[in-house]
Amino acid sequence: MDSRPVGIFDSGLGGLTTVRELRRLMPQENIVYFGDTGRVPYGTRSREIIRRYAVQDIRFLLSREVKMIVAACNTVAAALAGELDGWGVPVVEALTPAVRAARRATRTGRIGVIGTSATARSGAYDRALRELEPGLEVLTAPCPLFVPLVENGFAQRENPVTRMVAEQYLAPVRAFKPDVLILGCTHYPAIKDLLGELMGEGVTLIDSGQEAAREAQALLRTRGLEGGEGSCEYCVSDSPADFAENACAILGERIPAPAVKIDIEAF
Ligand code: DGL
C-alpha cells in the first residue's frame, strides 16, 4: 500500500485523457496533474525547448513526492526518447504503449499515425513501430491545429471548424488505407468520435492517453505501488478558471477544487 500520488503531466488539457482512464481503472489512486497551460503547445517547438519544459514539469511533480510520473504527452516522449529514466521513480510515457497496442490491433500491417509537428518530425513512431516489427508500413501525418482547437473548446463532434480541419489533415491518411490509426497526441482522443467517423468503421483507433494509463496501472501493480484515497489535485501554469471549464468536457467530471497556479519556471 503506497498512498503517495501518481504525477501526470502534459502541455495542457491532453493528459486529462490519461487521468480519466486511470481514474476509471484505479479510482483509489491519488493523482497530481500538471497542465502547462501557460506554455502550450509543445508540439510546435524545438527539441531543446520541449526537453527543458519536460524537465521542469518532472521536477515540479517530484516536489509533490509522487511515486510515479506519467508523461502523458507524446511530444515529450518523442523528444526525449530513451531519456526519461533516472528520476528515482518509474516514468511511464505515452508513445511505447500506443505502439504495442497498434501492433496487436493491425491485421494488414498498415498503420497511420497522427501527432504534433514535433512528434511527426522526430520520426519516433515510425522508428518504434518498425523496431517492433520491421514489415509494418507506416504513414505519419502532423495535425498541428488539433491542439489549439481542443484547448479552446472546439472539440464537439459537430463543430464545423474542427471537422473541416480534420477532413483536410486526414485526407492523405485515408488514402494510405491503414487498418489502425494511432492518435499520437493525448489531445486527440478529445475529438475521437469525429476522427473515427472520418476514418470509417474498418479502422481501429489507438488512444495514446488511454494506453499510457493502462501501462501505469500495470506498473503500479507489478511494483506493489497501488494505494490511495482517490484524491485529484490539478495544477496549471496559467489561468485556473479557463482550465476548469474545458477540463470538465474531457474528464467527464467537474474538477473537485479550483486548479492551483504554479510558477513552473521556478523548477
Ligand atoms: N498532448 C501532447 C502530445 O501528446 C502535446 C500537445 C502540444 O502541446 O502540442 O503530444
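Structure's up top.
Scoring rules and cut-offs
- Residues numbered from 1 in each chain as written.
- Predicted model: local features only at pLDDT ≥ 70, side-chain atom pairs only at ≥ 80, totals over all residues.
- Heavy atoms only, no water.
- Near = heavy atom within 4 Å.
- Polar contact = N/O pair within 3.5 Å; in protein donor to acceptor, adjacent residues only side chain to side chain.
- Areas by Shrake-Rupley, 256 points an atom, 1.4 Å probe, with all protein chains shown as cover.
- Nonpolar A, V, L, I, M, F, W, Y, C, P; charged D, E, K, R; others polar.
- Helix = DSSP H or I, 4+ residues; strand = E, 2+ residues; numbered from the N terminus.
- Buried < 20%, exposed > 50% of the residue type's maximum accessible area, 1.4 Å probe, protein only.
- Contact = heavy atoms within 4.5 Å.
- Pairing = 2+ DSSP bridges.
- Axes fitted to C-alpha atoms, helices over the stretch in contact; angles between N-to-C directions.
- Phe/Tyr/Trp six-rings, centres within 6.5 Å; stacked < 30°, edge-to-face > 60°.

(A) Representation of the site of the ligand in the model. As a structural note, the neighbourhood of the ligand is formed by 14 residues, with Ser 11, Tyr 42, Gly 43, Asn 74 and Thr 75 the closest of them. Asn 74 is positioned such that a nitrogen or oxygen atom in its backbone is 2.8 Å from an oxygen atom of the ligand. Here an oxygen atom of the ligand and a backbone polar atom of Thr 186 are 2.8 Å apart. Coverage of the ligand by the protein chains reaches 99% of its 300 Å² of free accessible surface. Grouping the constituent residues of the shell around the ligand by class yields 6 nonpolar, 7 polar and 1 charged.

(B) Representation of the side chain of Glu 29 in the model. Residue placement: Glu 29 occurs in the loop between helix 1 (16–25) and strand 2 (31–35). Given a relative accessible area of 0%, Glu 29 falls into the buried group. A distance of 2.7 Å separates the side chain of Glu 29 from the side chain of Lys 67, its partner in a polar contact. In this view, Glu 29 contacts Val 6, Lys 67, Leu 220, Leu 225, Glu 226, Gly 227, Gly 230 and Ser 231; residues no more than four positions away in its chain are not counted.

(C) How the structure looks around the sheet that holds strand 8 (residues 204–207). Reading across from one edge, 6-5-7-8 is the order of the 4 strands in this open sheet, with parallel pairing throughout. The open sheet has two edge strands with one neighbour each: strand 6 (137–142) and strand 8. Direction aside, the axes of adjacent strands within the sheet are offset by 20 degrees on average. As paired strands, strand 5 (residues 110–115) and strand 6 are joined by 6 bridges and run parallel to one another. Looking at the pairing, Ile 114 lines up with Ala 141 of strand 6. Along the sheet face, helix 4 (residues 95–105) touches strand 5, strand 7 (180–183) and strand 8 and points at about 160 degrees away from the line of strand 8. The sheet contacts of helix 6 (residues 124–132) involve strand 5, strand 6 and strand 7, and relative to strand 6 the element is tilted by about 165 degrees.

(D) A look at the packing of aromatic side chains. What the rule picks out here adds up to 8 aromatic pairs. Where Tyr 33 meets Phe 243, the ring centres are 6.4 Å apart and the plane angle is 25 degrees; that geometry is what we call stacked. Highlighted residues: Tyr 33 in strand 2 and Phe 243 in helix 11 (residues 240–251), separated in sequence by 210 residues. Looking at Phe 243, the relative accessible area reads 3%, which means it is buried. For the pair Phe 60 and Phe 267, a centre-to-centre distance of 5.3 Å together with 75 degrees between the ring planes defines the contact as edge-to-face.

(E) Representation of the pairing of strand 8 in the model. Where strand 7 lies against strand 8, 4 bridges are found, and the strand directions are parallel. Across the sheet, residue Ile 182 finds its bridge partner in strand 8, namely Ile 206.

(F) Representation of the sheet that holds strand 3 (residues 68–71). Spatially, the 6 strands line up as an open sheet ordered 4-3-1-2-9-10, and their pairing is parallel. Both outer strands of the open sheet, strand 4 (91–93) and strand 10 (260–261), are each paired with one neighbouring strand and no more. Along the sheet face, helix 2 (residues 47–63) touches strand 1 (6–10), strand 2, strand 3 and strand 9 (232–236) and points at about 155 degrees away from the line of strand 1. The strands touched by helix 11 are strand 2, strand 9 and strand 10; relative to strand 9, the strand with the most contacts, the crossing angle is about 130 degrees.

Without other data, these values stay purely geometric and don't point to any function.
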